Amino acid sequence: MRISTSSLYATSTAQLGTLQSQLARTQQQLSTNRRMLSAADDPVASARALEVTQSQSINAQFATNRANARASLSQEEVALTGVQQLIQDVQVTAVAAGSGINSASDRATFANELAGRLEDLVALANTSDGNGGYVFSGYKVGTMPFVKTNASVDYQGDQGQVQLQVGGARRIAMGDAGSAVFTGIPTGNGAFVTASSTTNGGTGVISAGTVSDPHQLTGHRYQIDFSAPGAPPMSSYTITDLTTNTTVPPAPAAAVVPYTSGDAIKIGGMSFDIKGAPAAGDSFSVQPSGKQDLFATLSKMIDTLRAPAGTPAEKQALTDGLAAANGNLSAALDKVLTVRASVGLRQKELDTLDTAGADTDVQYATTLSGLQDLDLVKAISQFTQQQATLDAAQKTFKAVSSLSLFNYIG
């Protein structure tokens, strides 16, 4: 069989090109440490690798969202810590301001101090989130949540909580609405409010009271009226249910009760006492708790301290006002602590999700490595073999191509 010179050259060139391409491909695999250089190398593994890569990207975005949520919650934690400390400071001031040895000048000084604390509270409530928004605005992050007017501090935000997707099946609130922290604070002990009439002339003081039986709470309004002057045992009182306009207990039972300072008075699942010497005509009220914001509590304390306290009635009004404020401050502090606990739980959950996310990322990386990474030992062995084959082929082609009859014609 005759082989033409052109055919020999064409065949040899094609084989050398194939060997060089195989060597180049192996060399590229070694340089990238990738088994698959294109989807055609392994279509099934390439599709699976794409899915894992997308999942890995989503997991990375969850990690970014968790970092953003953690930063926002940290800002809220700082603000709530400041509010907690402020309330505790105001409680101390309220106790000091209630001392009977304080002069009008002393009370004015306490009032001015509380006015400054009110400004501090508004500033804390308008804490920035560091991104041009506000921590306590709800969904209206670009709106200043609390605006101080001459009469009050008004909430401009809404009730929403901005949430971020921080896991495959978990969304977490980045903050809390200002209404959940500073407003809607129950007055009194949370169930009912006791108060003295502003026209009382005696020295009777009613306690905040407690709930003795939650099942007997009626939600009615009551009034205790004193009908006899002076110290016990001459003084007595009657209790009227203002909601039903009946006496308690109803007639013909003894509706007029002898008064003893400090004795417990129990009505409709509520228990409280009155101490001191109420005057004839003095009255006290008991009604369901209402709602009050923290700013209003401080404003009322300031007004109470700036009011005259020269007469026994005025002094009693000062005592009652500060006592009511202390009760409201305690309720406000409980609310702030509850929100702080919620923030702490969310921060702890983010830490747990971070750990799980890191583990998931390791799993994705391991899966991708199994699908894409190169077996270096095998590849190096193959590269060496291909290099030797190409070298042998080149030498063989050189030797064959140099053969000619002219070399033997003398």
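Details of the structure are given in the entry above.
Residues numbered from 1 in each chain as written. Predicted model: local features only at pLDDT ≥ 70, side-chain atom pairs only at ≥ 80, totals over all residues. Heavy atoms only, no water.

Colleague: Quick question: what am I supposed to make of the overall build of the protein chain here?
Modeller: Within the protein chain, the regular secondary structure consists of 6 helices and 16 strands. Taking all 410 residues of the protein chain together, the buried fraction comes to 34%. Counting only contacts in the protein chain whose residues sit at least 6 apart along the sequence, the fraction spanning at least 24 positions is 66%. Of the roughly 22,100 Å² that the protein chain leaves accessible, carbon and sulfur atoms contribute 57%. (Helix = DSSP H or I, 4+ residues; strand = E, 2+ residues; numbered from the N terminus. Buried < 20%, exposed > 50% of the residue type's maximum accessible area, 1.4 Å probe, protein only. Contact = heavy atoms within 4.5 Å. Areas by Shrake-Rupley, 256 points an atom, 1.4 Å probe, with all protein chains shown as cover.)

Colleague: Just to check I follow, could you spell out the side chain of Asp241 for this structure?
Modeller: Here Asp241 lies in strand β10 (residues 236-241). Among buried Asp, Glu, Lys and Arg side chains, Asp241 stands out as unpaired, with Arg221 the closest opposite charge at 7.6 Å. Here His220 takes part through its side chain, which lies 2.7 Å from a polar atom of the side chain of Asp241. Within the local environment of Asp241, its side chain forms a polar contact with the backbone nitrogen of Thr243, the two atoms lying 2.9 Å apart. When neighbours within four sequence positions are excluded, Asp241 is seen to be in contact with His220, Arg221, Tyr222, Thr246 and Val248. (Lys, Arg positive; Asp, Glu negative; His and termini not counted. Salt bridge = Lys/Arg side-chain N within 4 Å of Asp/Glu carboxyl O. Polar contact = N/O pair within 3.5 Å; in protein donor to acceptor, adjacent residues only side chain to side chain.)

Colleague: Before we go on, may I ask you to explain the pattern of salt bridges in this structure?
Modeller: When their charged atoms lie close together, side chains carrying opposite charge are able to pair. All chains considered together, the criterion is met by 10 salt bridges. Lys148 is the salt-bridge partner of Glu119, the closest N and O atoms lying 3.7 Å from each other. Of this pair, Glu119 sits in helix α3 (residues 104-125) while Lys148 sits in strand β1 (residues 146-148), and the two are 29 residues apart along the sequence. Look at Glu119 and you get partly exposed, because its relative accessible area is 43%. With a closest N to O distance of 2.4 Å, Glu349 and Arg170 form a salt bridge. A residue pair is termed long-range when its members are at least 10 positions apart, and Glu349 in helix α5 (residues 312-372) and Arg170 in strand β4 (residues 170-173) qualify at 179 residues.

Colleague: Where do I start with the pairing of strand β6 (residues 192-196) in this structure?
Modeller: Consecutive side chains of a regular strand alternate in pointing toward one face of the sheet and then the other. Counting buried positions along β6 gives 4 out of 5 residues, so the element sits mostly inside the fold. Alignment of β6 against strand β15 (residues 283-288), held across 5 bridges, turns out to be antiparallel. Bridge pairing in β15 places Phe192 opposite Pro288. (Pairing = 2+ DSSP bridges.)

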